[in-house]
Amino acid sequence: MLHKFYKTTLKNSLEVIAIPMNRGSKVITSNIFYKVGSRNETLGKTGIAHMLEHMNFKSTKNLKEGDFDKIVKSLGGVDNASTGFDYTHYYIKTSSEYLNKTFELFSEVMQNLNLNDEEFQRERKVVYEERLWRTDNNPIGYLYFRLFNNTFVYHPYHWTPIGFKEDILNWTIEDIRSFHKTFYQPKNAFLLVAGDIDENEVFKQAEKYFADIQNSTEIPEIHQKEPPLDGDKEIVIKRETQVDIVAIAFHIPNFRHEDQFALSAYSEILSGGKSGILREKLINQKALVSEVYAYNMELKDPGVFLALAMVNPGVNPDKVIKEIKKILLNTKITKKDLNKVKNQTKMDFLTHLESSSGVSNIYGDYFAKGDITPLLEYEEKLNALTPQKLEEIKKYFDKSVTVKLLKNI
């Protein structure tokens, strides 16, 4: 099921991973992952990892602003980037003949980014508008942000990668430069290339473009551990919204924990596709909500299992919360239910492994969080799941953080 990968480490500690797929299409996805996300930020300086993602497409010593995208397009390729809680990911999808060019671009950005104040001030406005659009003026986005603010009170997962609005307005270019110097070093990154490539060619080009880039400073460790919930916690928000929305979060272990396989399977049973139990009971049978889903977040540090629902007009949000909790705690899983999820999960997994970008995302996620073992054990652990194992993970649902976003009327 999984593709074989090859790995080497350069003298500056940059890891290089090659995943040959031999599809005959000559398509490759070249990626660079930096092991830095919003979890590496501090209060007062939140959102910088995301801001730096934007700045990475600006000018460098040898590239004018906008040249990066123009060059990729001239190769017939596409590029993009994303910032999460745990890491930042950049990719270029091209023909395999342009592997060297993708590495040249990534190495130029790693070592020669200008980070000038004029470009920074313009891009800050773009990021601020994104914060308004995705969070402040979007009821679900705002609820999601507040859910993390209240589910994590000590750990940096307290905020989502977009950061707090006031921080966006108060960063300085020196903040951005310092963050780049600290986290955008070879020893805190890895290259990953998937598709129709030869691993030796990947290693050769990586050596050429990256081996001489120097590391600059020590990388601070994250010591914050979120304290356990003392009991249920409920937050009520009044907001301009068409409908009431509710969200419930439960603390769960990190991505390495064995229970993650059962938690992910349970989230699929609850809300995967049109036959999910939450959808069937709360939408089709009881007409309490218009949309509902459950999601298991596999994060580098202990994360969350969450459920979110859009409440139908005239329905008491407290009733919806009670029903969701009842379903989570009382749903009995049969072997038939579990086998259906196993088969669907395997099919989805195989589909992702068909493309170079899908392979990059799956492998990159585990390498970026620091352990590929859960991926290598994926099929074995999925096959070993039993209804009893899914019953055991309900222990995580005993205490919760609930956020209700209600119409301000």
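See above for the structure.
Thresholds, definitions, all that
Residues numbered from 1 in each chain as written. Predicted model: local features only at pLDDT ≥ 70, side-chain atom pairs only at ≥ 80, totals over all residues. Heavy atoms only, no water. Core = buried A, V, L, I, M, F, W, Y, C linked by side-chain atoms within 4.5 Å. Buried < 20%, exposed > 50% of the residue type's maximum accessible area, 1.4 Å probe, protein only. Helix = DSSP H or I, 4+ residues; strand = E, 2+ residues; numbered from the N terminus. Contact = heavy atoms within 4.5 Å. Pairing = 2+ DSSP bridges. Axes fitted to C-alpha atoms, helices over the stretch in contact; angles between N-to-C directions.

Caption draft 1: Representation of the nonpolar core in the model. Membership of the largest hydrophobic core comes to 58 residues, with the highest contact counts inside it found for Leu-278, Phe-305, Val-320, Ile-324, Tyr-363 and Phe-397. With seven residues, helix 9 (residues 259-271) is the largest single contributor of residues to this core. Sequence-distant contacts of Phe-305, that is, excluding residues within four places in its chain, are made with Ile-248, Ala-249, Phe-250, Ile-252, Leu-263, Ser-267, Leu-270, Ala-294, Tyr-295, Asn-296, Leu-328 and Phe-397. Among the nonpolar cores identified, the runner-up in size contains 52 residues, and Leu-14, Met-51, Phe-183 and Ala-211 belong to it.

Caption draft 2: Structural context of the sheet that holds strand 9 (residues 289-296). If you trace the five strands from one edge of the open sheet to the other, you get 7-11-8-10-9, paired in mixed fashion. The sheet is open, and its two edges are formed by strand 7 (233-239) and strand 9, each paired on a single side. Going from strand to strand, the sheet's axes swing by 10° on average, the running direction of each strand aside. As paired strands, strand 8 (residues 245-251) and strand 11 (residues 401-407) are joined by five bridges and run antiparallel to one another. By the bridge assignment, Ile-245 is partnered in strand 11 with Leu-405.

Caption draft 3: The arrangement of the sheet that holds strand 1 (residues 6-9) in detail. Spatial strand order, 1-2-6-3-5-4: six strands in an open sheet with mixed pairing. Each edge of the open sheet is held by one strand with a lone partner, namely strand 1 and strand 4 (78-83). When the angles between neighbouring strand axes are averaged without regard to direction, this sheet yields 15°. Across six bridges, the pairing between strand 2 (residues 15-20) and strand 6 (residues 189-195) is parallel. Across the sheet, residue Val-16 finds its bridge partner in strand 6, namely Leu-191. The strands touched by helix 3 (residues 99-112) within the sheet are strand 3 (27-34), strand 5 (88-95) and strand 6, with strand 3 carrying the most contacts at an inclination of about 15°. Lying on the sheet, helix 13 (residues 356-369) is in contact with strand 1, strand 2, strand 3, strand 5 and strand 6; it crosses strand 6 at an angle near 155°.

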